[in-house]
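# Architecture at a glance
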Amino acid sequence: MKTGYFTVFLIIISIFTDVYADDNPLKKGQKCQEYESSYSNLVLKARQLVNRGYLENAASLFKKHLDCWNDPEVSTELAALYSSQKKYYLAGLVLKEAGLIDLYNETEKLRISQNSEERISQVKFSAAQKASGFERSYRKNKDTAIPLIILGTAAFGTGLGLFLHEKAFSGTNSKTAQYALMFSGFSLIGTGIRFNLAAEIDKNFQNSYSDVSNYSFDLNSILDDDYINKKTDNTAKLNSVQAMKNHGSTLIILSIPMLALSGFAIYESIQYVLYGGSIFNFRDDGAALLYFIFRLFIVPEITAIITIFPSIYFLVQGIKSHVNASKWSKLTEDNYITLNYITPVIDPASKTYGLSMGFSF
């Protein structure tokens, strides 16, 4: 049914393409195939996928071709494909980027004609449901983060107390207890920070979708899910940038004493093996020697694995948070409204880049 609609729509709008036809100028000089190869490898395969019902995959191939070549014929095909899925906003963007303004205006009329009070209610209801889901996720992550941080702080404090009691006051304590408590404390704190970051991001998504559910739409507003969801998600991501930086920095700072403590624990384990004596009494020296060698090559390695991995994990997660924050900070308003969410569009009315930033033109 969808492919049939696609074919009919393609026949109708193909009448207009000769008016706008050109010599298929190259849009990007790098990482682009020759036009004939691009057409054969991408466009023809996309058409086959349309006939087989793989519409999303087909759209991806069409867009990949259009990223490199200004091809009105393919632009109309992609617009028809989107229209067959009632994605009129995306269809309009394709036509607008191709400079097919008459077809764009017709598609806009079609998009607006599909709007109704019922559709507005559906959009608001869907946004409210998503906001509710993010609220539940926020509470779950927050309820997990706070106890972890509290327990972690208590465990680390206890372990540090035992460590200082032995080192500073010549006390006698279990080294295993000291390092186990300190590392488990650090690990719980780091895990709590991770859950807390997830909670903060969930909160921003909740607020963004709550704003949509309370927005005053009209019958000219863009109600396509592709537009609203992408815009709302990017708004939440932008609002989460600072939280990601703060939590990322905290994880990196946390990993530094963990790495130092890991080195100290490995050193202590080697010292214990070398000078701590045998745990069991052996009747022959050969067995005792084998046991000593076993401890020397196994105990420090186990200590290293147990202590270094969590340290490196939190360091990597902290760096990753900063990298993602950097990516999200570049999500400008233009990212919400372009076909690939990265390419600027020329407004035919003002001849400037970009569109209205609201939910309607």
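Residues numbered from 1 in each chain as written. Predicted model: local features only at pLDDT ≥ 70, side-chain atom pairs only at ≥ 80, totals over all residues. Heavy atoms only, no water.

## A short note on the overall build of the protein chain
What the protein chain contains, in helices and strands, is 12 helices and 0 strands. Sequence-distant contacts in the protein chain: of pairs separated by 6 or more residues, those separated by 24 or more amount to 74%. Taken as a whole, the protein chain presents about 19500 Å² of accessible surface, with 60% of it coming from carbon and sulfur. (Helix = DSSP H or I, 4+ residues; strand = E, 2+ residues; numbered from the N terminus. Contact = heavy atoms within 4.5 Å. Areas by Shrake-Rupley, 256 points an atom, 1.4 Å probe, with all protein chains shown as cover.)

## Considerations on unusual backbone geometry
One non-glycine residue with positive phi stands out, namely Lys86, at about 60°. As for its placement among the helices and strands, Lys86 is situated in the loop between helix 4 (72-84) and helix 5 (88-97).

## A word on the packing of helix 2 (residues 35-52) against helix 3 (residues 55-68)
Running from N to C, helix 2 and helix 3 cross one another at 165°; their axes reach a closest spacing of 8 Å. Relative to helix 3, the element helix 2 is oriented roughly antiparallel. Seen along the crossing, helix 2 lies across helix 3 with a hand that is left-handed. Along its contact with helix 2, which presents Tyr35, Ser38, Tyr39, Leu42, Val43, Lys45, Ala46, Arg47, Leu49 and Val50, the element helix 3 presents Leu55, Asn57, Ala58, Leu61, Phe62, Lys64 and His65. A class-by-class count of the residues in the contact of helix 2 with helix 3 yields 11 nonpolar, 3 polar and 3 charged. (Axes fitted to C-alpha atoms, helices over the stretch in contact; angles between N-to-C directions. Parallel < 35°, antiparallel > 145°, perpendicular 65-115°, else oblique. Left-handed = near helix turned anticlockwise from the far one by under 90°. Nonpolar A, V, L, I, M, F, W, Y, C, P; charged D, E, K, R; others polar.)

## With respect to a nonpolar patch on the surface
On the surface, Leu259, Ile312 and Val316 cluster together to form a nonpolar patch covering roughly 220 Å² of accessible area. In this fold, Val316 is placed in helix 11 (residues 285-329). (Patch = residues over 30% accessible without salt bridge, like charges linked within 9 Å, V, L, I, M, F, W, Y side chains within 5 Å. Salt bridge = Lys/Arg side-chain N within 4 Å of Asp/Glu carboxyl O.)

## Overview of the state of the cysteines
Scanning all chains against the criterion turns up 1 disulfide. The disulfide partner of Cys32 is Cys68, and the S-S distance across this bridge is 2.0 Å. Since a negative S-S torsion denotes a left-handed disulfide, the Cys32-Cys68 link at about -80° is left-handed. Here Cys32 is found in the loop between helix 1 (2-20) and helix 2, whereas its partner Cys68 is found in helix 3, with 36 residues between them in sequence. Residue class for Cys32 comes out partly exposed when judged on its relative accessible area of 22%. A relative accessible area of 9% means that Cys68 is categorised as buried. (Disulfide = S-S within 2.5 Å. Buried < 20%, exposed > 50% of the residue type's maximum accessible area, 1.4 Å probe, protein only.)

## Structural notes on the nonpolar core
Within soluble globular proteins, side chains that are nonpolar generally end up buried alongside one another. Counting residues in each nonpolar core, the largest one holds 51 residues, and the members touching the most others are Phe62, Leu78, Leu81, Tyr82 and Phe217. Residues Ile189, Ile193, Met258 and Ala265 belong to the second largest nonpolar core, which totals 13 residues. (Core = buried A, V, L, I, M, F, W, Y, C linked by side-chain atoms within 4.5 Å.)

## Focus on the packing of helix 4 against helix 5
Put simply, helix 4 and helix 5 touch, their axes get as near as 8 Å, and they point 170° apart. Considering their axes alone, helix 4 and helix 5 lie roughly antiparallel with respect to each other. From helix 4, Ser75, Thr76, Leu78, Ala79, Tyr82 and Ser83 reach across to helix 5, where they touch Tyr88, Leu90, Ala91, Val94 and Leu95. Along the lines of polarity and charge, the residues of the contact of helix 4 with helix 5 split into 8 nonpolar, 3 polar and no charged.

## Re the environment of Gln129
Take Gln129: it is sitting in helix 7 (residues 117-169). On a C-alpha basis, the gap between Gln129 and Ser213 in space is 9.0 Å, while along the polypeptide they are 84 residues apart.

## Comments concerning helix 4
Between the first and last C-alpha of helix 4 there are 18 Å, a value that for 13 residues agrees with the 18 Å anticipated at 1.5 Å per step. The element helix 4 is extensively covered by neighbouring structure, given that 12 of its 13 residues are classed as buried. Among the residues of helix 4, Pro72, Val74, Ser75, Thr76, Glu77, Leu78, Ala79, Ala80, Leu81, Tyr82, Ser83 and Ser84 are the ones counted as buried. Where helix 4 ends, the next residue or the one after it, Lys86, has phi of about 60°, a positive value. (Expected span 1.5 Å × (residues − 1).)

All quantities given are derived from atomic positions and should not be read as evidence of function.
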